[in-house]
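# Coordinates in review
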Amino acid sequence: NSFNIQSVVRSIHDRDSEVVYPPIETKKYKYRKAQNYWLSVNRIHPYKRIEMQLKAFSKLPDEKLYIVGHANESGYYNELRKMKSGNVQFLGLLSEDKLLNRLSECKGFIHTPINEDFGLAPVEATASGKPVIAPNEGGLKETVIEGVTGKLIDDINSDKLGEAIIEVGNHPQGY
C-alpha cells in the first residue's frame, strides 16, 4: 500500500512488488471554514504517540485538540486521560457523518504514529482540504506534500509539533 511497505517486502522477503494505494472516495469529503480545533483520528495505541500530541497542546492553551478513535490499550488510554490538559477532548468513535463533519471543519489534522505504513486518515483530511502535520517517516512522506498539503517534521517531538501547529495555524490559508 506504499513505497514504505514495498521496501519492507523487498528487505524481508527479497521480492519485488507493486504499490497499490488504498482507494478513497473523495467526493464524500467537503471543505468548510475552519472552526477553532485541530483533529487527530487513530487507534488509541502507544504506536500512535498520542502522548506527544497531549504534551504539545498542554503548551498551547489557546488551541483545542479533538482526538477520535477507539482505545485498544486501556492502560495507555487511562495514562493519556490523566495527562491531558483542558483544551483536549477524547471523542471516542464517531459515526461516519460526524467524522466527515469534524474533518471538514478542523483547522488541521495532527498525526504522530511511528513509521506509519500508509496513513489513510491523513489522506482523508487532505481530501477535506485540511493541512496535515505529521512525522517525516514512513508512508506519510508519500502523501503529505511539504508546504502544500501540510508539514512533515524530522525527528518529531512535542516541542517541534507545537511549533508546527503554530506555524500551520498562522498560515493565511492553512497550507
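These notes cover the structure that comes with them. (Residues numbered from 1 in each chain as written. Predicted model: local features only at pLDDT ≥ 70, side-chain atom pairs only at ≥ 80, totals over all residues. Heavy atoms only, no water.)

Grouped together as the largest cluster of nonpolar side chains are 22 residues, with contacts concentrated most on Trp38, Ile67, Ile110, Ile133, Leu161 and Ile165. Those elements that provide at least two residues to this core are helix H2 (50-58), strand S2 (65-68), helix H3 (74-83), strand S3 (88-92) and helix H7 (158-170). Counting residues per element, this core draws most heavily on H2, at 5 residues. Every residue in contact with isoleucine 133, bar those within four places of it in the chain, is listed here: Trp38, Phe109, Ile110, His111, Lys151, Ile153, Leu161, Ala164, Ile165 and Val168. Counting residues in each nonpolar core, the second largest holds 18 residues, with Tyr37, Leu39, Ala121 and Ala134 among its members. (Core = buried A, V, L, I, M, F, W, Y, C linked by side-chain atoms within 4.5 Å. Buried < 20%, exposed > 50% of the residue type's maximum accessible area, 1.4 Å probe, protein only. Helix = DSSP H or I, 4+ residues; strand = E, 2+ residues; numbered from the N terminus. Contact = heavy atoms within 4.5 Å.)

Quick look at the layout of surface pockets now. By volume, the second largest pocket is sized at about 160 Å³. Ranked by residue count, the leading element in the lining of the second largest pocket is helix H5 (residues 120-127), at 3 residues. Residues belonging to the lining of the second largest pocket are distributed by class as follows: 4 nonpolar, 3 polar and 4 charged. (1 Å grid on protein atoms, 1.4 Å probe; cavity = no way out; pocket = protein on both sides within 12 Å on 5 of 7 lines; lining within 4 Å. Points joined across faces, edges and corners; volume = space filled by probe spheres on them. Nonpolar A, V, L, I, M, F, W, Y, C, P; charged D, E, K, R; others polar.)

Bringing the pattern of salt bridges into the picture now. Taken as a whole and judged by the stated rule, the model has 7 salt bridges. Note that glutamate 116 is salt-bridged to lysine 48, the shortest N-O span being 3.3 Å. Of this pair, glutamate 116 sits in the loop between strand S4 (109-110) and H5 while lysine 48 sits in the loop between strand S1 (38-41) and H2; the two residues are 68 residues apart in sequence, bridging distant segments of the chain. The same class applies to glutamate 116 as to lysine 48, namely buried. Here lysine 151 makes a salt bridge to glutamate 146, at a shortest N to O gap of 3.6 Å. Judged by relative accessible area, lysine 151 falls into the buried class, the value being 17%. Among the ionic contacts, a cluster of salt bridges with common partners joins Glu146, Lys151 and Glu167. (Salt bridge = Lys/Arg side-chain N within 4 Å of Asp/Glu carboxyl O.)

Read these as geometric descriptors, not functional statements.
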